[in-house]
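Spelled out from the first residue to the last, the chains are:
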Amino acid sequence: MIINNEIKFAEKVVLIDAAYINKVTADLSHHFGSMIGRELPKADLPIFLECVAMDAAIQPGDNVLQVLFVYDKAQPRMDAFVPGDLKKELNDVAFKSQLGEFQLNAFEPSDMANREDFFLESVKLVADAKEVKHLVIIPSETEYADKLPEILEKVDGKDSIHVLGMNPLPESKAFQWEMLGYAVLQALGIRADEI
C-alpha cells in the first residue's frame, strides 16, 4: 500500500518469490500425485497462505497480514495455484480467515532490475520498516537465499522473522527457518493417511 509516495506496511508481512513457490508446488504435486496414485488439483492459495502464517507462529485473531508477491514479467501466473494470475487475481485483493485479513499485492521488477535483486531489496525495505514486527520470507533457495542471513543479521526491532524453504539455511539467531513443504501439501489437499 502506498500513501503519499511512501510505502505503508502492515505489522505482519509475508514476502514471497512467486516463481519459486510455483516451481516447488508443481514439483511436489507431480511427486506426491505419482506416489499416492491420484491426480492432484491445483494448490489452494488461501490455504497455502494460512498454513504459511501458522508455520510462522501467527495466531488466530484480528490480524492484518500483508502478502507481497515478487514475480518476473515473463511469468505473471503461478500455474500450480488457484487463483494464480498475479496481475488480475492476486494484486490489490484481500480475503479473511480465522487468522485475520490477508491483503495481497504483486510486484514485478522494472527493466532495470532482475527478480533476485528486486526480492533482496524488498527484504531490506520491509525489514527496515519500523511498523513491521513479524516478517515471513519465502525466497528462491536455488538462486539467492544464501544472501539472506547477511541481510537479516543487521535487522533489529522485530518480534519474529521466519524464512520458509525446502532446505535449511545455516543456523542464525536473526531468523527461524521453517519447512515450506508442509504448507504446500496442505494446499494440494494431501491427507496424512495418504502418505
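Reading the values: the criteria
Residues numbered from 1 in each chain as written. Predicted model: local features only at pLDDT ≥ 70, side-chain atom pairs only at ≥ 80, totals over all residues. Heavy atoms only, no water. Pairing = 2+ DSSP bridges. Helix = DSSP H or I, 4+ residues; strand = E, 2+ residues; numbered from the N terminus. Axes fitted to C-alpha atoms, helices over the stretch in contact; angles between N-to-C directions. Contact = heavy atoms within 4.5 Å. Buried < 20%, exposed > 50% of the residue type's maximum accessible area, 1.4 Å probe, protein only. Polar contact = N/O pair within 3.5 Å; in protein donor to acceptor, adjacent residues only side chain to side chain. pLDDT = per-residue confidence, 0-100.

1. Focus on the sheet that holds strand β8 (residues 100-107)
Here comes step 1: Taken together, seven strands build an open sheet; the order of strands is β7-β8-β5-β3-β9-β10-β11 and the sheet is mixed. For this open sheet the edge positions go to β7 (93-97) and β11 (176-179), each flanked by a neighbour on one side alone. Across the sheet, the axes of successive neighbouring strands diverge by a mean angle of 20°, strand direction being ignored.
Here comes step 2: Here β7 runs beside β8; their pairing, made up of five bridges, is antiparallel. Its bridge partner lying in β8, A94 is registered against Q103.
Here comes step 3: Helix α2 (residues 45-55) rests against β3 (12-17), β5 (63-70), β7, β8, β9 (134-138), β10 (160-165) and β11 of the sheet, and its axis sits at about 110° to β8.
Here comes step 4: Along the sheet face, helix α3 (residues 115-128) touches β3, β5, β8 and β9 and points at about 170° away from the line of β3.

2. Side note on the side chain of S160
Here comes step 1: Relative to the assigned elements, S160 resides in strand β10.
Here comes step 2: For S160, a relative accessible area of 14% translates into the label buried.
Here comes step 3: Here the side chain of S160 touches H134 through a polar contact of 3.0 Å, side chain to side chain.

3. A few points about unusual backbone geometry
Here comes step 1: P83 follows V82 through a cis peptide bond whose omega is -10°.
Here comes step 2: You can see P83 is positioned in the loop between β6 (81-82) and β7.
Here comes step 3: One non-glycine residue with positive phi stands out, namely D92, at about 60°.
Here comes step 4: Take D92: it is sitting in the loop between β6 and β7.

4. Structural notes on the confidence of the model for the chain
Here comes step 1: Taken as a whole, the chain shows an average pLDDT of 93; of its residues, 97% reach a score of 70 or greater.
Here comes step 2: A low-confidence stretch, residues 1-5 (pLDDT under 50), is modelled with seven contacts involving residues beyond four sequence positions or located in other chains.

5. Focus: the environment of M54
Here comes step 1: Looking at the element boundaries, M54 is found in helix α2.
Here comes step 2: Since its relative accessible area comes to 41%, M54 is described here as partly exposed.
Here comes step 3: Taking C-alpha positions, M54 is 21 Å from D193, a pair spaced 139 residues apart along the chain.
Here comes step 4: Not counting residues up to four positions away in its chain, the partners in contact with M54 are Q98 and L99.

6. Let's talk about the pairing of β3
Here comes step 1: Buried residues dominate β3, accounting for six of its six residues.
Here comes step 2: When β3 meets β5, the two strands line up parallel, connected through six bridges. Its bridge partner being in β5, V13 is matched across the sheet by Q66.
Here comes step 3: Judged from the five bridges that link them, β3 and β9 form a sheet pairing that is parallel. Residue pairing across strands places I16 opposite I138, the latter belonging to β9.

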